[in-house]
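Architecture at a glance
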There are 2 protein chains.
Amino acid sequence: MVQVPIVRDILSANERIAEENRRLLEMHRVCAVNIMASPGAGKTSLILRTIEAAGEGLRVGVIEGDIASRVDADKVAAAGAPVVQINTGGTCHLDAPMVRAALEQLPLGEIDLLFVENVGNLICPVEFGLGEAARVLVSSVPEGDDKPYKYPGIFAAVDAVVLNKTDLAPYVPFDRAAFRRLIAGINPTAAFFELSCATGEGMAAWAAWLKALLGRVRGTA
Amino acid sequence: MVQVPIVRDILSANERIAEENRRLLEMHRVCAVNIMASPGAGKTSLILRTIEAAGEGLRVGVIEGDIASRVDADKVAAAGAPVVQINTGGTCHLDAPMVRAALEQLPLGEIDLLFVENVGNLICPVEFGLGEAARVLVSSVPEGDDKPYKYPGIFAAVDAVVLNKTDLAPYVPFDRAAFRRLIAGINPTAAFFELSCATGEGMAAWAAWLKALLGRVRGTA
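These remarks concern the structure in this document. Residue positions are given per chain, counted from 1 along the sequence in the order it is written. Here every chain gets a letter starting at A, and every ligand a number starting at 1, in the order they are written. A pLDDT threshold of at least 70 governs which residues receive local features in this predicted model, and a stricter bar of 80 or more applies before side-chain atom pairs are shown or counted, although totals over entire chains, interfaces and linings include all residues.

Focus: helix H4 (residues 96-103) of chain B
Note that an α-helix has 3.6 residues per turn; residues three or four places apart therefore point the same way. Partly exposed residues are those falling between the two cut-offs: more than 12 but fewer than 20 other C-beta atoms within 10 Å of their own, whereas 20 or more means buried and 12 or fewer means exposed, with C-beta atoms placed from the backbone. Each helix is a run of DSSP H or I of at least 4 residues and each strand a run of E of at least 2, with the numbering of both proceeding from the N terminus. Along H4(B), the positions that sit buried rather than exposed are B:Ala96, B:Met98, B:Val99, B:Ala102 and B:Leu103. With its buried residues spanning 155 degrees around the axis, H4(B) presents them on a single face. Note: the arc covers the axis-to-C-beta directions of the helix.

This is the structure in structure tokens:
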């Protein structure tokens, strides 16, 4: 038998399960953040730095999404956070059923903030809701300031843009003002952070935004 | 009516048109190279540097693939090469019908080497043959040396890997020996080039490989 996936059904089935994930996360008062980016923009580094910056006051859990390998999950586990690795086996994005399976493996009662690190891809992940409270796009200085032109869909769909690798700004052409103007044109309400996971510069504002987000999700802000 | 794309049919229809593209390119003695990479790895920069390095002896044409925008095509046109921009309008890869439409717009009799710059994506483009003579993956130093672990499919599917942005090696952790070992494990026959489109270092070996490829395609090498 030839398999016949029907696109509209896949998407609506995904949204139904995303809604179930959302209710499960709300029940456990977990704030889930879907982290999307190009390969190598620094998603895992941002998560590791945030775990470090959060300290004891904020209990972070992680779902790692990759085509293959468990290298990222091993790094997160070494940092002491509960983590589940999803290997999509070729699929170019996470979807809600994958995340549901991962949620079943996590101690949700012991997590405040749950990072869901998506597969490195600026296109497909945006189509699939996971039940998250917020979506964040990590961009990075060496990728160039023209990315909002070329991938407007993902820049339009996120609650925050994090520009990582600011420590490389002296060595590559990158017009930060132009980058911000492009984003403002596509998504004027997105929060914006510039930081370097290599040096730790700029982490405080990002960590403060996450804490405010958690407060809003829990109705305490 | 709900549209019902059937995956196997899409792929076989693509391969049929890729075969037609291949015959058209052979008829005009054009050597087409499918350039794939993450967003911001330097595909366009590599094409521009190659046009510069090729000089009068090698006539380069370009098909630019992007979700949106024509910024890359404008850069290529400014460099004096015939170019067609494909905007996929959301689709995460080029396919053979898109390339066929672009080929109809190009002066194939005046082109030796045709670069087809795919959409920035390490996953989906590899599923779709375009009729190309060779596939090249551009990776870049700031993306990190673990990319072959995470995206083995694309590293396995290419004829050459170009490691770009070697000028940034002093500023980021990147183990070149480990990167090469990973690639050798996945794809032992792939050609490998290290270069910097920013400084021009390493372009000669890459340009020589392209010329040898052109010779093989034309049966003159």
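Some points on the interface of chain A and chain B
Any pair of residues counts as being in contact when their C-beta atoms, constructed from backbone geometry, are within 7 Å of one another. Taken together, the 35 residues of chain A in the interface contact 35 residues of chain B. If you tally residues by element for the side of chain A that touches chain B, the top one is helix H5 (residues 147-150) of chain A, at 3 residues. In terms of residue class, the side of chain A that touches chain B is built from 19 nonpolar, 9 polar and 7 charged. Classes in brief: Ala, Val, Leu, Ile, Met, Phe, Trp, Tyr, Cys and Pro nonpolar; Asp, Glu, Lys and Arg charged; the others, Gly included, polar.

Remarks on the packing of helix H2 (residues 43-54) of chain B against helix H3 (residues 71-78) of chain B
Residue and element names in this part refer to chain B. It is the contact of H2 with H3, at a shortest axis distance of 10 Å, that shows an interaxial angle of 10 degrees. If you check the angle between H2 and H3, you find them roughly parallel. In this structure, H2 uses Thr 44, Ile 47 and Leu 48 to contact H3, whose residues at the interface are Asp 72, Lys 75 and Val 76. Its residues assigned to classes, the contact of H2 with H3 comprises 3 nonpolar, 1 polar and 2 charged. Every axis corresponds to a line fitted to the C-alpha atoms, with the helix fit spanning only the stretch in contact, and the corresponding angles, defined between N-to-C directions, vary from 0 to 180 degrees. Angles below 35 degrees are treated as roughly parallel, those above 145 as roughly antiparallel, those between 65 and 115 as roughly perpendicular, and all remaining angles as oblique.

Some remarks on the relation of the copies chain A and chain B
Here the copies are matched by least squares. The fit uses the C-alpha atoms of residues with pLDDT of at least 70 in both. Of the transformation placing chain A onto chain B, the axial shift is 0.0 Å and the rotation is 180 degrees, giving an RMSD of 0.0 Å. Seen this way, the second copy is the image of the first under a two-fold rotation axis. Here 97% of the interface residues in chain A have copies in chain B that are interface residues too; the copies meet face to matching face.

Quick notes on the sheet that holds strand E4 (residues 113-117) of chain A
All names here are of chain A. Two strands pair under a simple rule: DSSP has to find at least two bridges between them. The strand order E3-E2-E4-E1-E5-E6-E7 describes an open sheet built from 7 strands, whose pairing is parallel. Both outer strands of the open sheet, strand E3 (83-87) and strand E7 (191-194), are each paired with one neighbouring strand and no more. Across this sheet, the average inter-strand angle for adjacent strands is 20 degrees, counted without regard to direction. Alignment of strand E5 (residues 134-140) against strand E6 (residues 160-164), held across 5 bridges, turns out to be parallel. Looking at the pairing, Ser 139 lines up with Leu 163 of E6.

Description of the environment of A:Asp175
Here A:Asp175 lies in the loop between E6 and helix H7 (176-186). In the structure, A:Asp175 is positioned 35 residues away from A:Leu210 in sequence and 26 Å away in space, judged by C-alpha atoms.

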